[in-house]
Structure formats: C-alpha cells, structure tokens
Amino acid sequence: MSRIKRHEEPGAGDVEAFLARVREVPAPGHEGGRGRLVLAMDATMSRQHSWDTALAIQGDMFAEAGRVGGLDVQLVYFRGHGECRASKWSPDTQSLARLMAGIRCMGGQTQILRVLKHLRGEAGAGKVNACVYVGDAMEEPIDALAHVAGEIGLLGLPVFMFQEGHDPAAEAGFREIARLTRGAYFRFGSDSARILRELLTAVAVYAAGGYKALADHSAAKGGAATLLLRQLG
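All of the points below concern the structure found in this document. No experiment lies behind these values; they were computed from the predicted model shown.

**What to know about the overall build of the protein**
- Counting its secondary structure elements, the protein contains eight helices and seven strands.
- Split into buried and exposed, the 233 residues of the protein put 54% on the buried side.
- Here the protein displays about 10,200 Å² of accessible surface, and carbon together with sulfur accounts for 51% of that area.

**Re the packing of helix α4 (residues 112-125) against helix α5 (residues 142-154)**
- Their axes nearest at 9 Å, the elements α4 and α5 cross at an angle of 20°. On the basis of their axis angle, the class for α4 and α5 is roughly parallel. As for the relative orientation of α4 and α5, their crossing is left-handed in sense. Facing α4, whose interface residues are I112, L113, L116, K117, L119 and R120, α5 presents A144, L145, V148, E151 and I152.
- Tallied by class, residues from the contact of α4 with α5 come to eight nonpolar, no polar and three charged.

**Considering the environment of L39**
- Mapping L39 onto the fold places it in strand β2 (residues 35-42).
- Separated by 94 residues in sequence, L39 and Y133 have C-alpha atoms that sit 6.1 Å apart.

**Regarding the pattern of salt bridges**
- In the structure shown here, the tally under the stated rule is six salt bridges.
- Here R47 makes a salt bridge to E164, at a shortest N to O gap of 3.1 Å. Of this pair, R47 sits in the loop between β2 and α2 (48-68) while E164 sits in strand β6 (residues 159-164), placing them 117 residues apart in sequence. Note on accessibility: R47 and E164 belong to one class, buried.
- Here R179 ties to E176 by a salt bridge, and the two come within 2.7 Å at their closest N and O atoms. Placement of both R179 and E176 in helix α6 (residues 168-180) is noted, with a separation of three residues, approximately one turn of the helix.
- Members of the salt-bridge network, linked through shared partners, are R79, E83 and R85.

**Notes on α4**
- Its 14 residues give α4 an end-to-end C-alpha distance of 20 Å, which sits within 8% of 20 Å, the value for a rise of 1.5 Å per residue.
- Listing the buried residues of α4 in full gives I112, L113, R114, V115, L116, H118, L119, E122 and A123.

**Side note on the packing of aromatic side chains**
- Considering all chains together, one arrives at three aromatic pairs under this definition.
- Relative to Y133, the ring of F78 lies with its centre 6.4 Å away and its plane at 20°, an arrangement referred to as stacked. Pair noted here: F78 is in strand β3 (residues 71-79) and Y133 is in strand β5 (residues 130-135), with a separation of 55 residues, a long-range link.
- F78 sits in the buried class, given a relative accessible area of 0%.

**Here we look at the environment of E151**
- Inspection of the secondary structure assignment puts E151 in helix α5.
- When its relative accessible area of 27% is taken as the criterion, E151 is described as partly exposed.
- In sequence terms E151 and G124 are 27 residues apart; their C-alpha atoms lie 10.0 Å from each other.

**Things to note about the packing of α5 against α6**
- Remark: α5 packs on α6, axes separated minimally by 8 Å, with the N-to-C direction vectors making an angle of 25°. The orientation of α5 with respect to α6, classified from their angle, is roughly parallel. In the crossing of α5 with α6, the sense of the turn from one axis to the other is right-handed. Listed contacts from α6 to I142, A146, A149, G150 and G153 of α5 are G173, E176, I177 and L180.

Criteria and thresholds
- Residues numbered from 1 in each chain as written.
- Predicted model: local features only at pLDDT ≥ 70, side-chain atom pairs only at ≥ 80, totals over all residues.
- Heavy atoms only, no water.
- Helix = DSSP H or I, 4+ residues; strand = E, 2+ residues; numbered from the N terminus.
- Buried < 20%, exposed > 50% of the residue type's maximum accessible area, 1.4 Å probe, protein only.
- Areas by Shrake-Rupley, 256 points an atom, 1.4 Å probe, with all protein chains shown as cover.
- Axes fitted to C-alpha atoms, helices over the stretch in contact; angles between N-to-C directions.
- Parallel < 35°, antiparallel > 145°, perpendicular 65-115°, else oblique.
- Left-handed = near helix turned anticlockwise from the far one by under 90°.
- Contact = heavy atoms within 4.5 Å.
- Nonpolar A, V, L, I, M, F, W, Y, C, P; charged D, E, K, R; others polar.
- Salt bridge = Lys/Arg side-chain N within 4 Å of Asp/Glu carboxyl O.
- Expected span 1.5 Å × (residues − 1).
- Phe/Tyr/Trp six-rings, centres within 6.5 Å; stacked < 30°, edge-to-face > 60°.

In structure tokens, the structure reads:
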C-alpha cells in the first residue's frame, strides 16, 4: 500500500467556562517540551451534510489549543479513491484552520487502516500524545484494523474515536480501536456541536499537558473531561 502523501500548505455558557479553564493549563512536561496531537478525519461524501459545522468546531478547538500553548498538530484526512494525506506538524493553528477550510468531501470508501498505519509510523519515530479521529463509517475488516491498533497501543498513543451517527459496524470497530489503544469512544449526532467542541478541547488539553492536566481541570464543569478521565483511568 502506498505511503500517505504529505499535504503541503498552499449551552454556550458551559463551553465558555470549560475553555476558560483550558487557557490556564501550563506548558506540558513531555519529552521534547511540546505535546503532539493528530487530528484524523473522514472526508468522504457521507459527511458532507455536517462538514461545514465540523470545520468550524475544529477550527475553534485548535484556536483554543493555540492559547494553551505547547501543542503541535498534524492533520490527516482521506477522501475519494485512494486519497489520504497528512500535513506537516505545526504549532500554527491559524495555518491549520486555513488548510482545513480548503478540504472538501469526495465520494469514496473509508481508509482507516491507512490512517492507523500512519499513526504507527509517527509514534515509532517520536512521541505522539494523542489522536482524534472523526468519522461516521467503517468499511474495512476489523481484524486488520485491530492488529495495527494493538501495535499503536504498545507505542503509548491513545486514539479518541468520535462517531457521527449510529452505524453499528462503525461503533463496534471504533470501540475496539479505542480499547486497544487505551483511548476513548464517543458518539455524537448532527445536533451535538457543543458537546463535540468540548470533547475535542478536552483531548487537546490531554495531549498538551497529559493526564494530570486533564485531571486538574476536569472540575471546570465536569462533562467531557470527566468522561475522558473515566475511560483513561
């Protein structure tokens, strides 16, 4: 299988309270002095109806991550017939937001295995603190995915699987990937923008500051941080 191509750059009150606490998270103490977070996205046509909302939420999340500081982000996405790309690692959240805004959904099957193999390679080359995957389907054999997910788990990279919709095959696969990597699984619907934003921000806090930072700030409003702590504990 070909390697992933590098993509070169061409209840609001509760959420605000949570994000205000996120801004206070100190710089991480991880090796290298910075946290590293991968955001992987399914950009196939089935997600078109919610794509603009997802872009806005993810843009806001990374803006907040930028305020936290100490976090480098890589964007990975797949779409169409065999297209799967990864950006460079970047601390520039504005640049990442521009890159995301230029991505459009295209018809094609899921390429989760390629994403997992990419994560395995990145984690083998250097510390990656967390991955967030957002998608609504899984059209690949679970055994192959589980094998690579187990290898990722041994490398200490938790994958947080966010499922849009209620596809049962996707749920089973997403839960297994989360279990094998010691990450977490969440389901959200098209009306759950506020919850998704809170959850993604909590993952950014975890990637930048680790378990202690997430635990220290879970008292903000409970919610996402508490859910993450329960699944990571």
